Amino acid sequence: MQIILLHPRLTRARSVTLTSRHILLLLSLFVVTILGCSALISYLVLRNAGDGEGSPMLHKLMVSMTQREDDQREKYLKENLAVMAVKLGEMQAQLMRLDALGERVQGLAGVRPEEFNFKEKPGRGGMETSDIGGPGRDFSMSEVQKMLDALSVDVGHRSDYLNAVESSLMSDRIKSRLLPTNPPVNVAYNSSSFGWRIDPFTGHNAFHEGLDFPGPIGTPIVAAAAGVVIAAEYHYQFGNMLEIDHGNDLITRYAHASQLYVKVGDIVKRGQHIADIGTTGRSTGPHLHFEVRIRGVAQDPRKFLALGGTAPKAAPVFVAGH
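None of these values were measured; they are calculated from a predicted model.

Here we come to the overall build of the protein chain. A tally of helices and strands in the protein chain yields 4 helices and 15 strands. Summed over its atoms, the accessible surface of the protein chain is roughly 21,800 Å², and 60% of this surface lies on carbon and sulfur atoms.

Residue position: Ser-152 is located in helix α3 (residues 141–177). Spatially, the C-alpha atoms of Ser-152 and Met-91 are 6.1 Å apart, while their sequence positions differ by 61 residues. Residue contacts for Ser-152: discarding those within four places in its chain leaves Lys-87, Met-91 and Gln-94.

This next bit is on the nonpolar core. Counting 24 residues, the largest nonpolar core has Ile-221, Tyr-254, Ile-274 and Leu-288 as the members making the most contacts within it. Among the elements of the structure, β6 (211–214), β9 (239–245), β10 (250–260), β12 (273–277), β13 (287–294) and α4 (301–307) are those that each provide at least two residues to this core. Of all hydrophobic cores here, the second largest spans 5 residues; its members include Leu-98, Leu-101, Val-105 and Val-155.

Turning our attention to the pairing of β10. Most of β10 sits inside the fold, with 8 of its 11 residues counted as buried. As defined by bridge partners, β9 adjoins β10 across 5 bridges and the pair is classed as antiparallel. The partner of Glu-243 across the bridge, within β10, is Arg-253. The hairpin formed by β9 and β10 contains 4 residues between the paired strands, and Gly-247 there has a positive phi angle of roughly 85°. Here β10 pairs with β12 via 3 bridges, running antiparallel. Bridged to Leu-260 within β12 is Ala-275.

Another aspect to go through is the pattern of salt bridges. According to the stated counting rule, one finds 9 salt bridges in the structure shown. Here Glu-291 makes a salt bridge to Arg-253, at a shortest N to O gap of 3.2 Å. With Glu-291 in strand β13 and Arg-253 in strand β10, this residue pair connects regions lying 38 residues apart in the sequence. What makes Glu-291 buried here is its relative accessible area of 1%. As a salt-bridge pair, Asp-300 and Arg-302 come within 3.1 Å of each other at their nearest N and O atoms. On the basis of relative accessibility, which here comes to 15%, the residue Asp-300 falls in the buried class. A single network of salt bridges, built from pairs that share partners, joins Glu-209, Glu-243, Arg-253, Glu-291 and Arg-293.

Nonpolar side chains collect at one region of the surface, where Phe-30, Val-31, Ile-34 and Leu-35 lie side by side and expose about 390 Å² of accessible area between them. One can find Phe-30 in helix α1 (residues 20–51). Here Phe-30 falls in the exposed class, since its relative accessible area comes to 53%.

Looking now at the confidence of the model for the protein chain. On average, residues of the protein chain carry a pLDDT of 78, and 71% of them reach 70 or more. Across the protein chain, element-level confidence peaks in β12 with a mean pLDDT of 97 and bottoms out in strand β15 (residues 313–314) with 54. pLDDT under 50 marks residues 315–322. Its contacts with residues more than four places away, or in other chains, come to 30 contacts.

The subject of this paragraph is the pairing of strand β8 (residues 227–235). Bridge count for β8 against strand β11 (residues 267–268) is 2 bridges, and the pairing is antiparallel. Note that in β11 the partner of Gly-227 across the bridge is Val-268. Here β8 runs beside β9; their pairing, made up of 7 bridges, is antiparallel. Paired with Val-228 across the two strands is Asp-245, which belongs to β9. A loop of 3 residues connects β8 with β9, the two strands running antiparallel in sequence.

Positionally, Phe-290 belongs in strand β13. The exposure class of Phe-290 is buried, given its relative accessible area of 0%. Sequence separation of Phe-290 and Pro-183 is 107 residues, and the distance between their C-alpha atoms is 9.8 Å. Setting aside chain neighbours within four positions, we find Phe-290 in contact with Pro-184, Gly-210, Leu-211, Phe-213, Ala-224, Thr-252, Arg-253, Tyr-254 and Pro-301.

Its place among the elements puts Leu-179 in the loop between α3 and β3 (189–190). Beyond its immediate sequence surroundings of up to four residues, Leu-179 is in contact with Ala-224, Ala-225, Leu-250, Arg-270, Phe-304 and Leu-307.

This paragraph deals with the packing of aromatic side chains. Evaluation of the coordinates by the stated rule reveals 3 aromatic pairs. Ring centres of Phe-194 and Phe-207 lie 5.2 Å apart, and the angle between their planes is 90°; this geometry places the pair in the edge-to-face category. Taken together, the residues span a long stretch of sequence, with Phe-194 in the loop between β3 and β4 (195–198) and Phe-207 in strand β5 (residues 205–208) at a distance of 13 residues. Accessibility expressed as a relative area gives 40% for Phe-207, which makes it partly exposed. Taking the centre distance of 5.4 Å and the plane angle of 85° together, the rings of Trp-196 and Phe-207 count as edge-to-face. You can see Trp-196 sitting in strand β4 and its partner Phe-207 sitting in strand β5, a full 11 residues away along the chain. Within the aromatic cluster, the residues linked to one another by ring pairs are Phe-194, Trp-196 and Phe-207.

Here is what the cut-offs are and how they apply
- Residues numbered from 1 in each chain as written.
- Predicted model: local features only at pLDDT ≥ 70, side-chain atom pairs only at ≥ 80, totals over all residues.
- Heavy atoms only, no water.
- Helix = DSSP H or I, 4+ residues; strand = E, 2+ residues; numbered from the N terminus.
- Areas by Shrake-Rupley, 256 points an atom, 1.4 Å probe, with all protein chains shown as cover.
- Contact = heavy atoms within 4.5 Å.
- Core = buried A, V, L, I, M, F, W, Y, C linked by side-chain atoms within 4.5 Å.
- Buried < 20%, exposed > 50% of the residue type's maximum accessible area, 1.4 Å probe, protein only.
- Pairing = 2+ DSSP bridges.
- Salt bridge = Lys/Arg side-chain N within 4 Å of Asp/Glu carboxyl O.
- Patch = residues over 30% accessible without salt bridge, like charges linked within 9 Å, V, L, I, M, F, W, Y side chains within 5 Å.
- pLDDT = per-residue confidence, 0-100.
- Phe/Tyr/Trp six-rings, centres within 6.5 Å; stacked < 30°, edge-to-face > 60°.

Encoded structure:
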């Protein structure tokens, strides 16, 4: 590069030739000058700010920069606290729901409240310092946020699990309610058991498809399980007879009654008074003939009554018929 210099005092023009080396040197000098000025200004600003003296403009600049940083930090903390407050509110609602679910599951499972109380804080403890982990330390904001997120997910999973357990327990309870495990009459023994016996009318060996419960006329007969009445009629052998459908192809039959208190289509509850003992139909005396059938096949009622802990005892001597 060639630079030509012109001036009235000069008798002739002069030229200066700049090589690439000269240009690099000038650029380096320019950069060093800028860096030096910046360093000097920063030094003066910091010194004046630290001493509390110097130019008011520099002091205002430092105060403004510090205030801006404080405002940004405060805004960041407020935003994070707001997010954490929302998360804590959601977790409180989930925990309340979890407590309610836990109490319901506890009731369904038969766990006594004094054995497991969801509203009491569990005991915890331990050493303040550990030989493995060393002394404790404070959590950072990001660590607390991660812990809250993980805890929220964990609470959600526990809630889903308890919902599944509650549904399963409820299903089991409903099924147990539909099993004929409740004794149909308040009688301690049966006069004729399920199985082969001597028919009281013909004297032949015949299969008895139920249990006979002797009792005075008018003794209440109750439903052995919840269900729907599908038959309420007079049968030439069973006399006044009821049949209740409990679902899953399972029915119970109540025969020889003196009075019927329900009709076809009625929904009966477990233990509901449905009839009274009588001696109608093919009978030698007042008693209840009780049957349990699955898909039309007679089952031993004692197996079901035993599940309720009330299996009747068979009488050693034959008393009543069919």
